[in-house]
Amino acid sequence: MDPLSSLLAGIRTEGSVVTSAVLSTPWSIHFVDEAVLTMVTVLRGGGVLHLPDGDSRRVRPGETALVRGPAPFLLADRADVVDDPATTYEVACFLCEDEDHYVAPSPHADATTLVVGVYRTVGHRSNRVLDTLPTVLIIQEEPGVCDWMESVACDAANLRPGSQALMDRMLDWALVCTLRTWFERVGAEAPAWYRGLADPVVGPALDAVHRRPTERWTVARMAAEAGVSRALFARRFRDVVGRPPLTYLTEHRLDEASDLLMSTDLGVAQIAKAVGYADSFGFSAAFKRVRGSSPTAFRRSLSSTSRA
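Computed from a predicted model, the values in this text were never measured in an experiment.

1. Side note on the overall build of the protein chain
1) Next: The number of helices and strands found in the protein chain is 13 helices and 10 strands.
2) Next: Here the protein chain holds 308 residues, and 46% of them are scored as buried.
3) Next: Nonlocal contacts in the protein chain, meaning residues at least 24 apart in sequence, comprise 75% of its contacts between residues at least 6 apart.
4) Next: When the accessible surface of the protein chain is summed, it comes to about 14,800 Å², and 52% of that surface belongs to carbon and sulfur atoms.

2. Regarding the confidence of the model for the protein chain
1) Next: Within the protein chain, residue pLDDT values average 77, and 71% of them lie at 70 or more.
2) Next: Within the protein chain, helix α2 (residues 91-94) has the poorest average pLDDT of any element, 42, and helix α8 (residues 219-226) the best, 95.
3) Next: Note on residues 90-107: pLDDT under 50 across the span, and 40 contacts to partners over four residues away in sequence or across chains.

3. Here's the deal with the nonpolar core
Soluble globular proteins tend to pack their nonpolar side chains together in the buried interior.
1) Next: Of all hydrophobic cores here, the largest spans 41 residues; its most connected members are F183 and F233.
2) Next: The element best represented in this core is helix α5 (residues 163-186), accounting for 9 residues.

4. Side note on the pattern of salt bridges
1) Next: In this structure the tally under the stated criterion is 7 salt bridges.
2) Next: The residue E215 makes a salt bridge to R212 at a minimum N-O spacing of 2.5 Å.
3) Next: When its relative accessible area of 21% is taken as the criterion, E215 is described as partly exposed.
4) Next: A salt bridge links E251 to R243, with the nearest nitrogen and oxygen atoms 3.3 Å apart.
5) Next: Each of the salt bridges in this network shares a partner with another, and the network as a whole consists of R212, E215, R221 and E225.

5. Here we look at the pairing of strand β4 (residues 47-50)
1) Next: Burial of the side chains of β4 extends over both faces: G47 and L49 are buried on one face and V48 and H50 on the other.
2) Next: In this sheet, strand β5 (residues 56-59) lies alongside β4 in antiparallel orientation, the contact comprising 4 bridges. Note that in β5 the partner of V48 across the bridge is R58.
3) Next: Counting the residues between successive antiparallel strands, the hairpin from β4 to β5 contains 5 residues, one of them, G54, with a positive phi of roughly 95°.
4) Next: Summarising the sheet, β4 and strand β7 (residues 73-76) pair through 3 bridges and their orientation is antiparallel. From the neighbouring strand, H50 faces β7, where its bridge partner is L74.

6. Topic: α8
1) Next: Where α8 is concerned, the buried positions are V219, M222, A223 and A226. Down the axis of α8, the sector holding all buried residues measures 100°, keeping them to one side.
2) Next: Tucked into the core, α8 has its buried residues touching α7 (202-211), α9 (230-241) and α10 (245-263).
3) Next: Just past α8, the residue G227 takes up positive phi, approximately 75°.

7. Let's talk about the packing of α7 against α9
1) Next: For the pair α7 and α9, interaxial distance at closest approach is 10 Å and the crossing angle is 85°. Here α9 runs roughly perpendicular to α7, going by the angle between their axes. Listed contacts from α9 to V202, A205 and L206 of α7 are F233, R236, F237, V240 and V241.
2) Next: Classifying every residue of the contact of α7 with α9 gives 7 nonpolar, no polar and 1 charged.

8. Points about the environment of H30
1) Next: Position of H30 among the secondary structure elements: in strand β2 (residues 28-31).
2) Next: Taking the C-alpha atoms as reference points, H30 and P72, 42 residues apart in sequence, are found 7.3 Å from one another.

9. Considerations on the side chain of T178
1) Next: Along the polypeptide, T178 turns up in helix α5.
2) Next: Not counting residues within four places of it along the chain, the set of residues in contact with T178 comprises M39, T64, L66, L137, I139 and E141.

10. Quick notes on the packing of aromatic side chains
The way to describe two aromatic rings as a pair is by their centre distance and the angle between their planes.
1) Next: A full pass over the atoms with the stated rule returns 6 aromatic pairs.
2) Next: Judged by centre distance (4.6 Å) and plane angle (5°), the ring pair of F31 and F73 falls under stacked. Taken as a pair, F31 in strand β2 and F73 in strand β7 lie far apart in primary sequence, 42 residues in all.
3) Next: Taken together, a centroid distance of 5.6 Å and an interplanar angle of 55° make the contact between Y277 and F283 tilted.
4) Next: Accessibility expressed as a relative area gives 16% for Y277, which makes it buried.
5) Next: With a relative accessible area of 0%, F283 lands in the buried category.
6) Next: Here the aromatic cluster, defined as three or more aromatic residues joined through ring pairs, consists of Y277, F283, F287 and F298.

The rules behind the values
Residues numbered from 1 in each chain as written. Predicted model: local features only at pLDDT ≥ 70, side-chain atom pairs only at ≥ 80, totals over all residues. Heavy atoms only, no water. Helix = DSSP H or I, 4+ residues; strand = E, 2+ residues; numbered from the N terminus. Buried < 20%, exposed > 50% of the residue type's maximum accessible area, 1.4 Å probe, protein only. Contact = heavy atoms within 4.5 Å. Areas by Shrake-Rupley, 256 points an atom, 1.4 Å probe, with all protein chains shown as cover. pLDDT = per-residue confidence, 0-100. Core = buried A, V, L, I, M, F, W, Y, C linked by side-chain atoms within 4.5 Å. Salt bridge = Lys/Arg side-chain N within 4 Å of Asp/Glu carboxyl O. Pairing = 2+ DSSP bridges. Arc of directions from axis to C-beta. Axes fitted to C-alpha atoms, helices over the stretch in contact; angles between N-to-C directions. Parallel < 35°, antiparallel > 145°, perpendicular 65-115°, else oblique. Nonpolar A, V, L, I, M, F, W, Y, C, P; charged D, E, K, R; others polar. Phe/Tyr/Trp six-rings, centres within 6.5 Å; stacked < 30°, edge-to-face > 60°.

Structure representation (structure tokens):
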């Protein structure tokens, strides 16, 4: 897969629920589940995001907001919100799976229709994407996108077979589109690895490394993918991406390995092979040098954390 797809592969929503709610003013919604990332698309109505640092951002119809966690935040109908329990909807209830909480879209003037995706965990490789984002970003969706999302919302509200899987995949698609739009908008301020995708020298090598991670990559082989000399490629890669080619390759492979250690029962030797190392000894040495612990200790620490 291409580099952006590879880095986003560890960010998936599972068990999302679409709620079309008629919220009588004044109203506010608390997002309190300490999610790593929350995506809110406003199909109708609108509101104001109230962030932990005191900042507030208005979200209008047709816009998507991405909010980085884990700090809780508030979405309310106005800027001068009063935290009144009588007019507050906890996100745990707002996204409840009980069909009694589904409300069909309404033409009522106060109707606010939202699509919410909550991403509670992400893999190590996906942190390379999240670490480049501001606390909140708001993107205007392309024409027609919200209409399509609302049709999926209605499908989910009717609890038709397969609607849950459809909703999950739609939110993943919407996240990719939002992030791509954001990176293209910020241009030179986009992360270096993203800018590298469009570079005529760096781009082909990045694409090849992500599509064929198990190959025995050297700087010379990467340069061959770009069709330039080894010296020119190494210099250009460092200038664009901010690190040498083999350093990037190691980071990418170890991010992949970390995700496999977290999400599978594969042995160390199997993971070493899957991410491009000839044997488990070289893989373990590289992992400990960069991550500070052996692959086995890393997996054990994750298991201990989950039990706690």
